[in-house]
Structure formats: structure tokens, C-alpha cells
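# Survey of secondary and tertiary structure
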Amino acid sequence: MVDNQSPEIFGQTPSQTVGPYFHYGLPWKGCADLVGVSEMGARTDLFPAENYKLNVSTAREAVIGDVIEIFGLVTDGAGTPVPDCLIEIWQADAAGIYNTTGDPRWAKSNHDGFPGYGRCATSAEGFYRFRTIMPGRVPSPDGGLQAAHIAISVFGRGMLKRLATRMYFDGGEGNDQDIVLNAVPAERRDTIIARRDEGDSWRMDIVLRGDNETAFFDI
Amino acid sequence: MTRLVGFKHEDAGAPPSYSEGYQSTRLRAPSKPLIRTPTTLTEVTGPTDGWEGLMGGAMADLTTQHAGMPQGQRIIVSGRVLDEDGRPAPNTVMEIWQANAAGRYIHIDDSWDAPHDPNFTGAGRVITDAQGRYRYVTIRPGCYPWGNHYNAWRPGHIHLSLMGPSFASRLVTQMYFPDDPLIEIDPIANAVPMPYRQRMVSRFDIETTEPNYGLGYLFDVVLRGREATPFEDDHDKDHH
Ligand SMILES: [Fe+2]
């Protein structure tokens, strides 16, 4: 029988579900806080303290930009909140530069303490919540700038592979011209545009399946 | 002008989101087709550099995290992280979590009555070297029942999470063991069509096995590769 080491089936390792028990393995304390020091994002209520082997949030350089909260309710095809999802985000800093040497502009830019990457395990009520900054606009392949956006991955029990989408911001400059947002059928664009809630808090619910299903991408 | 190279899409071994035999996909898989979106800088970049400050450093031995040795068969798992063109993925992080030797997770929602092991948590993390190689030590996880259907048992497996070089290459998967009869009847493993399901089955290896210490298993992780031609980020082009 062929296996992982067999050249005749060499290719991409298939995706499998993250399952329901990832909480002691993936979301460290503070993983949903891209600005300061906190325990946001972790679910330490789900396993004994002596089994906490993950990292703890530590102080980092000050982050430049407008601090925002993004949050939303994750629901399934029956409209039931999903308390065991893992949400991940990847976004540019306030200047529109990604915190990676893979961004060709990174080497010549000034870096603050912004990591650009975060995770959040959904709460018992099915909410995700991040503290981050409003991302700057990133270059677009068409020569202009993309509208401000945050890339999102959704993992969960019952989900055989990551679902990818984005968050845009209601009223965001360039939303009308954004090549990715425009690739989404007009009637579904609202599903990936966050609305201002209170103050600097933005809400975008994630609907895994159903009439108002979130627009998920084949990236 | 900056040239960026996109990533290939999923290959024939990718499972569907919706799979008849895996019950909980029925309410959690999208009902509409995924939307093919243009590749931009967002998809070809990822947290390749700052992860250590976020997640912490390597925890490559899951058998030494508590006062004593855990129960069970000690194993050594090693291999490489590559892309589908055979290029190694150096300095990439692989997170690991698993059940104990009896098949029990430390998670409070795991209500099966197999015993916990006070000497085993089941969480680890490794970072690949310049050749994409990794190695960790753990115990072989037990099989456990689940509620998917009557008399359903998961094959022994280790959960794996990899960042890879970009947002596009993010992967969460599971590693299985070669001598496990449950793989053949597991709806999660079999959501992947044959023969590609077998990409997730590790191989016992006597060279990786260490005398008087533990059994060795080989497991390579293959991430999505780069597209053949670069696109230019200041040049209008149809990426569909
Ligand atoms: Fe599992």
C-alpha cells in the first residue's frame, strides 16, 4: 500500500479538520490581541491550568495606528452559534505593509510592534473578537491600492478545510474599485463588509452555510 | 516594479468541505461554490518571521513536559516540510496536538472515560531547519470513539498545523499510522479520495527508530507550490 513516502502519490498534503480539541494546542494567551498584552483569544476554561504549555502574551513595541476592535458571531447552517471555531487574521500595518520579509517593501520600512497575525477561539456564545489596528491600504495588482482589508481563515470541527475570506470596512476608501471585493457577486458583498458597531468596534458575522452565507474564497 | 509569484491552487487530493459520511459537515460546509479571487500581496505573504515572539520557541519533546514519563509507546516522528515542487520550507513552524496513549484528550469537552495521564499534555511545536527537516518525540496516541455514527472510532492520529510561507499555504491536517485498521473506515480520513488519503499515512522506519528508546515514523508535509510565472503588482492582468 502506498503511503506518505511513496513518490507515486507525492503532492499536497490533504487538509483535515482542526477538530473540537485544539484549544490547548493553538490559541495562546493574547493571540487575539495585536496591540497590547492580554489573554484575548485563548480559551483556558477548556482545560486544566497544568496543561497550559502555550506562550503567554508579552509586551512589544508600541503599535502605530488607529486601534480598533473587530468581532462577530459565527453561526452554522441552522443558525446556531459555533462555540468551537478558530478564526485567524493576517493584515497589513497602518502603513499598508505586511510584517514579513516576504513583503518587498518591508526591508525599507520602519517597523513598529505590530505582528499582523492573530488567532481567536470563538467564545462559548460563538463570538470571535480581536483587538488590532485599522490596516493601511496595500498595493493592488492593477497598479492602484486595494481597499483596507483583513484576510481571515476559519477552522472548525466539521470543517475539512480552512475557509478563507476577507473583512472590508463599511465606507472604506476604495471599496468600489477593489479587485477582490469586485470578484464577489454584488448581492454577496455585504457579507464581508464590517459595520461600525460602537465607537471603534466593527462587526462582521460569519455564516458558514445558508441564505446569508459568508462569501468564501478559492485563493 | 515588483514581481510577486502566486501559489498553486489545491490539487486532486484536497477533500471537499461537504462530505456525506462526516455528519457535522452538513451544517458547517458552505452551500455555495467558493469564489475564485485574484491573487494579491495579501495572499502571497504570511507571518514567516515574527511567529517565535508570538507562539514561543520549539517544544519538540512531548514526553518531558511533566514530572514523570507518560504512559504509552514512545515514538520519534521526523520528516521534511516541502512544497509540491520539492523545495524545502525552512524555518516554518509546525504545531502539534494529540490525545494520550489511551485516546483521551485533556480537553474538558472530551467526556470519554479512558484515563487521563498526569504526565502528558499532548501539545508541542517544532521549527524546520534550513533543509525543511523537523523531528519530535511523543507517545503514540490511542484511538477514541466519537459520535458520528454507531460504533465510530477515530484511527490514532496527531493533529498538525503549519503556517508555511504565506496566507495561501496555511494547512491544518492529521497524521495517521501505517498499521491502523480504522483508517479504512474513518469518514474524516476518507473525505480525501484514494489514493491521496495515503499521503496522510506515516511510514515506520527502522533508521529513525532509536535503540532502547523509541519507534521511528517518517512523515513529510507538502505545502502548495509556487505558480510558474510571476505576476506584476503594477500591471493590469486577469488572474482568474
Ligand atoms: Fe483528534
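See the structure shown above.
A few points on the structure. Quick caveat, the model's predicted, so the values are computed rather than measured.

### A look at the overall build of chain B
Of regular secondary structure, chain B possesses 2 helices and 14 strands. Against the compact-globule benchmark of 18 Å for 240 residues, chain B has a radius of gyration of 19 Å, which places it among compact chains. A principal-axis box enclosing the C-alpha atoms of chain B has dimensions of 60 × 40 × 35 Å. Partitioning the contacts of chain B with sequence separation of at least 6, the portion at a separation of at least 24 is 72%. Of the charged side chains in chain B, 22 are positive and 30 negative; the average position of the first set lies 2 Å away from that of the second.

### Considering the overall build of chain A
Along the backbone of chain A there are 0 helices and 10 strands. Traced from its N-terminal end to its C-terminal end, chain A shows the element sequence β-β-β-β-β-β-β-β-β-β. A compact globule built from 219 residues should have a C-alpha radius of gyration of about 17 Å, and chain A, at 18 Å, falls within 12% of that. Oriented by its inertia axes, the alpha-carbon framework of chain A measures out at about 50 × 40 × 40 Å. Sequence separation of 24 or more characterises 67% of the internal contacts of chain A that already satisfy a separation of 6 or more. In the structure as shown, chain A presents an accessible area of about 8,000 Å², 48% of it carried by carbon and sulfur atoms.

### As for the coordination of the iron ion
Residue and element names in this part refer to chain B. All of the protein donors around the iron ion are Tyr105 (OH), Tyr144 (OH), His157 (NE2) and His159 (NE2); their distances to the metal are 1.9 to 2.2 Å. Around the iron ion, the 4 donor atoms are arranged such that angles at the metal cover 92 to 166°; this shape is classified as irregular. Along the chain, the residues donating to the iron ion fall in the pattern Y-x38-Y-x12-H-x1-H. Here Tyr105, found in the loop between β4 (93–98) and β5 (123–127), pairs with His157, found in strand β9 (residues 157–162); they are 52 residues apart in sequence, far enough to count as distant. An identical accessibility class is assigned to Tyr105 and His157; each is buried.

### Structural notes on the nonpolar core
Grouped together as the largest cluster of nonpolar side chains are 80 residues, with contacts concentrated most on Val154 and Ile206 of chain A. Sequence-distant contacts of Ile206 of chain A, that is, excluding residues within four places in its chain, are made with Leu73, Val74, Thr75, Ile87, Tyr128, Ile152, Val154, Thr214 and Phe216 of chain A. In this structure, Ala89, Ile96, Ile139 and Leu160 of chain B belong to the second largest nonpolar core, which totals 22 residues.

### Quick notes on the interface of chain A and chain B
Residue-level contacts link 91 residues of chain A with 104 residues of chain B. Together chain A and chain B conceal approximately 8,400 Å² of surface at their shared face, both sides included; 58% is due to carbon and sulfur atoms. Considering only the side of chain A, the residues that lose the most area to chain B are Gln12, Gln16 and Tyr21 of chain A, jointly responsible for 10% of the buried surface there. Put simply, chain A and chain B have 7 salt bridges between them. In this structure, the salt-bridge partner of Glu43 of chain B is Arg166 of chain A, at a minimum N-O distance of 2.7 Å.

### Considering the pairing of strand β6 (residues 133–139) of chain B
Residues and elements named next belong to chain B. Most of β6 is tucked away: 5 of the 7 residues are buried. Relative to β6, strand β3 (residues 74–83) is paired through 7 bridges, and the arrangement is antiparallel. Its bridge partner being in β6, Ile76 is matched across the sheet by Val137.

### Focus: the sheet that holds strand β10 (residues 171–176) of chain B
Residue and element names in this part refer to chain B. Taken in spatial order, the 4 strands of this open sheet run β5-β4-β9-β10, and their pairing is antiparallel. Two strands in the sheet have a free side with no partner beyond their single neighbour: β5 and β10. Each adjacent strand pair in this sheet contributes to an overall mean axis angle of 25°, direction not counted. In terms of strand pairing, β9 meets β10 through 6 bridges, oriented antiparallel. Residue pairing in the sheet places Ile158 in a bridge with Met175 of β10.

Conventions adopted
Residues numbered from 1 in each chain as written. Chains lettered and ligands numbered in written order. Predicted model: local features only at pLDDT ≥ 70, side-chain atom pairs only at ≥ 80, totals over all residues. Heavy atoms only, no water. Helix = DSSP H or I, 4+ residues; strand = E, 2+ residues; numbered from the N terminus. Rg over C-alpha atoms; globule rule 2.2 N^0.38 Å. Contact = heavy atoms within 4.5 Å. Lys, Arg positive; Asp, Glu negative; His and termini not counted. Charge placed at Lys NZ, Arg CZ, Asp CG, Glu CD. Areas by Shrake-Rupley, 256 points an atom, 1.4 Å probe, with all protein chains shown as cover. Donors = N, O, S within 2.8 Å, 3.2 Å for Na, K, Ca; no water. Tetrahedral: all angles 85-135°; square planar, octahedral: opposite > 155°, others 65-115°. Buried < 20%, exposed > 50% of the residue type's maximum accessible area, 1.4 Å probe, protein only. Core = buried A, V, L, I, M, F, W, Y, C linked by side-chain atoms within 4.5 Å. Buried area = accessible area lost by both parts, 1.4 Å probe. Salt bridge = Lys/Arg side-chain N within 4 Å of Asp/Glu carboxyl O. Pairing = 2+ DSSP bridges. Axes fitted to C-alpha atoms, helices over the stretch in contact; angles between N-to-C directions.

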